[in-house]
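So you can see what is in the structure, the chains are spelled out below.
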Amino acid sequence: MCPDAESGCTVRADRGERVVNEAAALPNAGRFFEIRFESIGGLGAHAAGQVLATAVVLRMGLNGANFSSYGSEKKGSLVRSFVRLGPAERPIRTSAPVETPDVIVVFHAALLRNPATLAGLRKDGTFIYNAPPRLVPEELAGLPRTARVIRVDALGIAVKEQSRPNAVLLGTLCGAFPFLSAETILEALSEEFAGRHPEAVASNERAFRRGAKEFEVLEGVGRAEGDLPVVRPEPAWGYETQPVGGIIPEPGNTAWNDLSASRTGSLPVFNRERCIHCGVCDLVCPDFCLVWDDGEKGGRFERELMGVDYRYCKGCLRCVESCPASAMTKKAETPGLADRLRVPLFPDLIG
Ligand code: SF4
Ligand code: SF4
């Protein structure tokens, strides 16, 4: 295990606990090979970055660094994990975010709506995203025409194998880049879980091996020419220009907030025929995403539940568990389902 793994590691191969074999050959001589994991909390992007960097340093004779940035420590918040690989003799002296990656791995399809997810990809780079078969979001047209685009149903495989998307996506990464020894990285992944969750080792191995084989290389997806531009926050705060503490430069609000990226494969589906409009679901929903309206004139109910605004629904399924009439049921989130069923909570503001 990398001694600095908790804080993000930069470890020289010659300080590792293992004797490494002949060093693997990196695809690009003369510069680092850089990977950016785009994810949300709970899908294991940080752990995947740690496993990968640790494995290449301690077992593959390379140098490597990993660190992650978090929106917050809450499940569903944005997480970016960065991995930088280089030859063993070349020190890695930066922990700056990876801005011009060779590879971007997207853990959740909802993140594709954010242009920053694609930003900086090299024209000869590889873009791996997690989505069910046949889902090619229109946002991917913004990728370089010459980039390699790979789709894998990481969530579907993870659910079937009782694993997590990170094991599947690490497998896909190894399948797409043979210099990353799949057996070596799988060994590191298994060790990561052997102590804390021994029952997860076999599940992760199945998920990893499926990820390494069951991916699809898509043709003709990107339309952009050349490297994609780097996206930096505006204004670009620096040493001399950053605001004093306490100032929030990009204020948000609860109406504009979009939690749809927090769902991890399931959502509640409302059946109005079954609903008795008791309001229990509204009592337990932590995000106020249930939409009510006046009941029918002369009817039994003063207020009636109309549906769910999935923009605010994080898929916790408390409404499903608590509904006494089975009017809320858990369904797998297929592409476009939330958009089709959504009832807007603030139709005048966000239709
Ligand atoms: S808990 Fe079930 S029955 Fe009650 S209002 Fe919600 S959906 Fe309708
Ligand atoms: S799953 Fe149900 S309880 Fe949870 S956020 Fe969505 S609507 Fe609310």
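Residues numbered from 1 in each chain as written. Chains lettered and ligands numbered in written order. Predicted model: local features only at pLDDT ≥ 70, side-chain atom pairs only at ≥ 80, totals over all residues. Heavy atoms only, no water.

Caption draft 1: Looking closely at helix H1 (residues 45-59). Over its 15 residues, H1 extends 21 Å from the first C-alpha to the last, a length consistent with the 21 Å expected when each residue adds 1.5 Å. Within H1, 14 of the 15 residues are buried, leaving the element largely enclosed by the surrounding structure. Positive phi appears at Gly-61, one or two residues downstream of H1, with a value of about 70°. (Helix = DSSP H or I, 4+ residues; strand = E, 2+ residues; numbered from the N terminus. Expected span 1.5 Å × (residues − 1). Buried < 20%, exposed > 50% of the residue type's maximum accessible area, 1.4 Å probe, protein only.)

Caption draft 2: Focus on the site of ligand 1. Of all residues adjacent to ligand 1, which total 15 residues, the nearest are Cys-275, Cys-278, Gly-279, Cys-281 and Cys-323. Residue composition of the shell around ligand 1, grouped by class: 13 nonpolar, two polar and no charged. (Near = heavy atom within 4 Å. Nonpolar A, V, L, I, M, F, W, Y, C, P; charged D, E, K, R; others polar.)

Caption draft 3: Spatial organisation of unusual backbone geometry. Unusually for a residue other than glycine, Gln-162 sits at a positive phi of about 55°. With respect to the secondary-structure elements, Gln-162 resides in the loop between helix H2 (154-161) and helix H3 (165-176). At Phe-288, a residue that is not glycine, the phi angle is positive and equals roughly 50°.

Caption draft 4: The layout of surface pockets, seen in detail. Approximately 1,000 Å³ is the volume found for the second largest pocket. Considering the residues around the second largest pocket, the lining is formed by 36 residues, among which His-108, Ala-109, Glu-333, Thr-334 and Pro-335 are closest to the centre. Residue assignment for the lining of the second largest pocket shows that the elements contributing at least two residues are H2, strand E12 (328-332) and helix H8 (337-341). Per element, the largest residue contribution to the lining of the second largest pocket is four residues, and it comes from H2. Here the lining of the second largest pocket is composed, by residue class, of 15 nonpolar, nine polar and twelve charged. Residues lining the lining of the second largest pocket come from more than one domain, with at least three contributed by each of domain 1 (5-218) and domain 2 (260-341). (1 Å grid on protein atoms, 1.4 Å probe; cavity = no way out; pocket = protein on both sides within 12 Å on 5 of 7 lines; lining within 4 Å. Points joined across faces, edges and corners; volume = space filled by probe spheres on them. Domains from an automatic or database assignment.)

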